[in-house]
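Examining the three-dimensional arrangement
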Amino acid sequence: MSAPVVLATAGLSKHFGRLRAVDGLDLAVPAGCVYGFLGPNGSGKTTTIRMALGLIRPTAGRVEVMGRDLAHRARALAEVGAQVESPAFYNYLSGRRNLELLAALTGPVARGAIDAALARVRLDGRERDKVRTYSQGMKTRLALAQALLPRPRLLVLDEPTNGLDPQGMKEVRELIRDLARDDGITIFLSSHLLAEVQQVCDRVAVIHKGRLVAQGPVAELLRGDGEVCVRCDEPERAAVAARAVAGEATVTADGLRVALAEEAVPELVAALVAAGVRVREVVRERRTLEEFFLGVTGQQEAAL
Amino acid sequence: MITLLRLEWAKLYRRFTPHLVYALAGLLVLLVLLMLREHGAPQAHAGRHNFELVGDPRNGLLACQTAVSTIAVLLWYLAPVVCGEILGLEGATGTLRTVLTRPRTRSAVWLAKFLTAAGYVVSLCAFVGLLSLAGGAALFGWGPLNSMHALTGGKLIVLAPGEALRYLAYAYALLALTVFVGGSLAFALGSWFDNALAPGFTALGILVTLQIMGELPLRWMEKVKPYLFTNHLLAYQKVFPTAFDPETGALHFPGEVVWPAVRLLAVYVVVFAVLGWWRFARKDVTC
C-alpha cells in the first residue's frame with residue numbers, strides 16, 4: 001500500500017500579470033519521505049511554497065495539506081512547521097521570546113519543548129539575547145527551531161542551509177535525516193544545493209519556468225541510461241565478447257562502456273571471463289543529481 | 001482570540017515608537033500644566049468681559065479639560081504612525097509570513113491587530129486624561145469645573161466634580177474616536193504597504209489634505225465638507241453642556257451636535273476597517 005499524500009497540488013498556477021510564475025503544477029508528497037523541490041532561480045519554487053502555505057492565493061488550482069483543502073487553513077496547517085526564505089523574527093525580542101510568541105499561535109506548547117528545540121539547533125546559551133544580535137546562521141537555526149515547535153508532521157523548509165557554515169550545513173542535513181527517520185516527519189525541502197538534496201532526499205521534483213519537468217524517487221531518476229562500465233585488460237578483445245551479449249560496446253581507456261539491462265550484467269561478465277578477459281571492476285553508471293538537473297532543465301530550455 | 005490579542009499587545013509594547021508617542025504626549029501634558037501655573041486659567045481671560053472672576057478656577061479638572069484641547073492635534077498626527085506600524089512593520093520585516101504560516105485565519109490575525117490598534121489609541125487618550133487630571137490635582141487641587149465654552153458664550157456653567165468627570169470622560173472617549181479615525185486609516189493602509197512608516201505617513205498626508213480641503217472657500221466644497229471626517233475632529237470639545245434643559249432644569253447634553261459627529265466618525269472607522277480587512281484577506285504575502 002502506498003503512503004498517504006501529505007501535500008498535494010492539482011493544476012496549481014500563479015500568474016503575476018503576464019508572468020506565469022507557476023503553471024499547472026501537480027505535486028504529490030508522500031508521508032514519511034524527504035522530498036526535494038528543485039528548480040533554477042525564478043523557476044517558481046518559493047511561489048509554490050507560499051501557495052502551499054496559504055501566503056499567496058493561487059490563480060488556479062488547489063492545494064491539499066494533510067488531506068485538507070487549504071481553504072480551511074487553520075485546520076490544514078495545524079500540523080505543519082515551515083520556514084520560508086530568509087528567517088524573519090522580531091529583532092527587538094530575544095530568541096526565546098520569539099519562539100514563545102510563535103509557538104503560542106499554534107497552541108499550547110509542552111513544557112520544555114522550547115528548550116528542546118533550542119538545544120536541537122544548538123542555540124541554547126544565546127536564547128536570551130535579542131535576535132538583532134544574532135548572525136545570519138543563528139537566525140537560520142532559530143527559524144528551524146520555530147518550524148519544529150508545533151511538533152509538525154510536515155516540515156516545509158525553503159533553503160534551510162542559507163547562511164550556515166559547512167559544519168552548520170552538515171548538522172542541518174543530519175537533523176533533516178533524523179527528523180524523517182526517528183520522528184517520521186515528512187520534509188519538503190527546497191534547495192539550490194543539489195549535492196545536499198541528493199544526500200538527504202528520497203524523492204525530488206524539478207520545476208522549470210513554473211512547470212513540473214520531473215518528479216519521482218531519487219534512485220529512479222538518477223539511474224543512468226543503462227550503461228555499465230567495465231574496467232578490464234585487453235579492451236578490444238573484451239569489446240568483441242561484449243558485443244555478442246549486448247550488441248553495442250564502446251572501448252574506453254581502461255575498459256568498456258556497454259548499454260545493458262541490469263539483469264543481463266551476469267551474462268556479460270560470464271562472456272568476458274569465457275573470452276579470457278581479466279575483469280577488474282563492473283559498475284552500473286549513475287548520474288549525479290546535478291547532471292540529471294542540468295539535463296532536464298536544459299532539455300526544457302531547448303524545447304521552449 | 002485572547003491569545004492573539006495578548007501576543008499583539010506584548011509585541012506592541014516591546015517596540016520603541018509606542019513609548020515615544022506616550023513620552024511626547026506626557027511631555028505636552030507637563031507643558032500644559034506649566035502653562036496653567038504661569039499664565040492662569042484660560043477662563044480668566046476669555047470671560048473677563050462678562051464676569052468678574054473671583055478666586056482661582058484652576059484645578060485637576062480644568063487641567064484635564066485644557067489638555068484635551070491642546071494635545072488632540074499631537075494625538076491625531078502621532079497615533080497613525082503607531083497604528084500603521086502594527087501591520088506595516090510585520091510586512092517589512094517578513095514576520096507576517098512567519099505568523100501567517102501558523103494555523104490561524106487571516107481574519108483572526110487581522111482582528112487581533114485591529115483591536116490592538118484601537119486599544120493603543122484608547123490607552124493613549126486615557127494616559128493624557130489621567131496624567132493631566134492627576135498632575136492638575138497635585139498642582140492646583142480639586143474643585144468644580146468652570147465650563148470654558150459657556151464662558152465665551154456669555155453664560156457660566158459650573159460643573160460639580162462628579163459631573164465634570166463624566167463630561168470629561170465623554171470628551172476623552174470622543175477624542176479617542178477622532179484619533180482612531182486616522183489610526184484606522186493608517187492601520188488599513190498597512191495592508192497595502194510592506195513598510196513600517198509608509199502607512200502612517202500616507203494617513204497623515206490624507207489627514208492634512210482633507211483638513212486643507214475643509215478650509216478652502218470653494219462653493220462646491222461646502223456640500224462635501226460636512227462629510228469630511230476632518231471637519232468633525234473637534235467634536236470632543238462640544239460634549240460639555242452649554243445650557244440647562246428648560247423643563248427639567250438639568251444640564252442639557254448637546255447630543256444634537258455630538259451624535260451626528262459620532263455616527264460619521266464611526267462610519268469612517270468601519271469603512272477603513274472593512275477596506276483594510278478586505279485587502280489583508282486577499283493579500284499575497286511576497287515579502
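Residues numbered from 1 in each chain as written. Chains lettered and ligands numbered in written order. Predicted model: local features only at pLDDT ≥ 70, side-chain atom pairs only at ≥ 80, totals over all residues. Heavy atoms only, no water.

Counted under the stated rule, the structure contains 4 cavities of 30 Å³ or more. Of the volumes computed, that of the largest cavity is approximately 90 Å³. Only strand S6 (80–83) and helix H5 (136–148) of chain A together with helix H5 (95–100) of chain B provide two or more residues apiece to the lining of the largest cavity. In this structure, the second largest cavity encloses a volume near 60 Å³. In this structure, the second largest cavity is lined by Tyr92(A), Glu8(B), Lys11(B), Leu12(B), Arg15(B), Glu85(B), Ile86(B), Leu89(B) and Glu90(B). Those elements that provide at least two residues to the lining of the second largest cavity are helix H1 (2–12) and helix H4 (60–93) of chain B. For the lining of the second largest cavity, the element with the most residues is H4(B), which contributes 4 residues. (1 Å grid on protein atoms, 1.4 Å probe; cavity = no way out; pocket = protein on both sides within 12 Å on 5 of 7 lines; lining within 4 Å. Points joined across faces, edges and corners; volume = space filled by probe spheres on them. Helix = DSSP H or I, 4+ residues; strand = E, 2+ residues; numbered from the N terminus.)

Turning next to the layout of surface pockets. As a volume, the largest pocket reaches approximately 420 Å³. In this structure, the largest pocket is lined by 17 residues; those nearest its centre are Gly54(A), Arg57(A), Leu70(A), Ala71(A) and Arg73(A). Elements supplying a minimum of two residues to the lining of the largest pocket: strand S4 (60–65) of chain A together with helix H6 (106–140) of chain B. Broken down by element, the residue count for the lining of the largest pocket peaks at 3 residues, all from S4(A). When its residues are assigned to classes, the lining of the largest pocket shows 7 nonpolar, 4 polar and 6 charged. (Nonpolar A, V, L, I, M, F, W, Y, C, P; charged D, E, K, R; others polar.)

Take the side chain of Thr9(A) next. Residues and elements named next belong to chain A. With respect to the secondary-structure elements, Thr9 resides in strand S1 (residues 5–16). Polar side-chain contacts of Thr9 include one of 2.9 Å to the backbone oxygen of Leu25. Separated by 2.9 Å, the side chain of Thr9 and the backbone nitrogen of Leu27 make a polar contact. With residues near it in sequence (within four places) discarded, Thr9 still touches Leu25, Asp26, Leu27, Arg62 and Val63. (Polar contact = N/O pair within 3.5 Å; in protein donor to acceptor, adjacent residues only side chain to side chain. Contact = heavy atoms within 4.5 Å.)

Working note: a packed helix pair is described by the angle between its axes plus the distance between those axes. All names here are of chain A. Contact pair H5 / helix H6 (residues 166–182): the axes reach a minimum separation of 12 Å and the direction vectors enclose 10 degrees. Classified by the angle between their axes, H5 and H6 sit roughly parallel to one another. Across from Arg141, Leu144 and Leu148 in H5, the residues of H6 making contact are Gly168, Glu171, Val172, Leu175 and Leu179. Taken together, the residues that form the contact of H5 with H6 break down as 5 nonpolar, 1 polar and 2 charged. (Axes fitted to C-alpha atoms, helices over the stretch in contact; angles between N-to-C directions. Parallel < 35°, antiparallel > 145°, perpendicular 65-115°, else oblique.)

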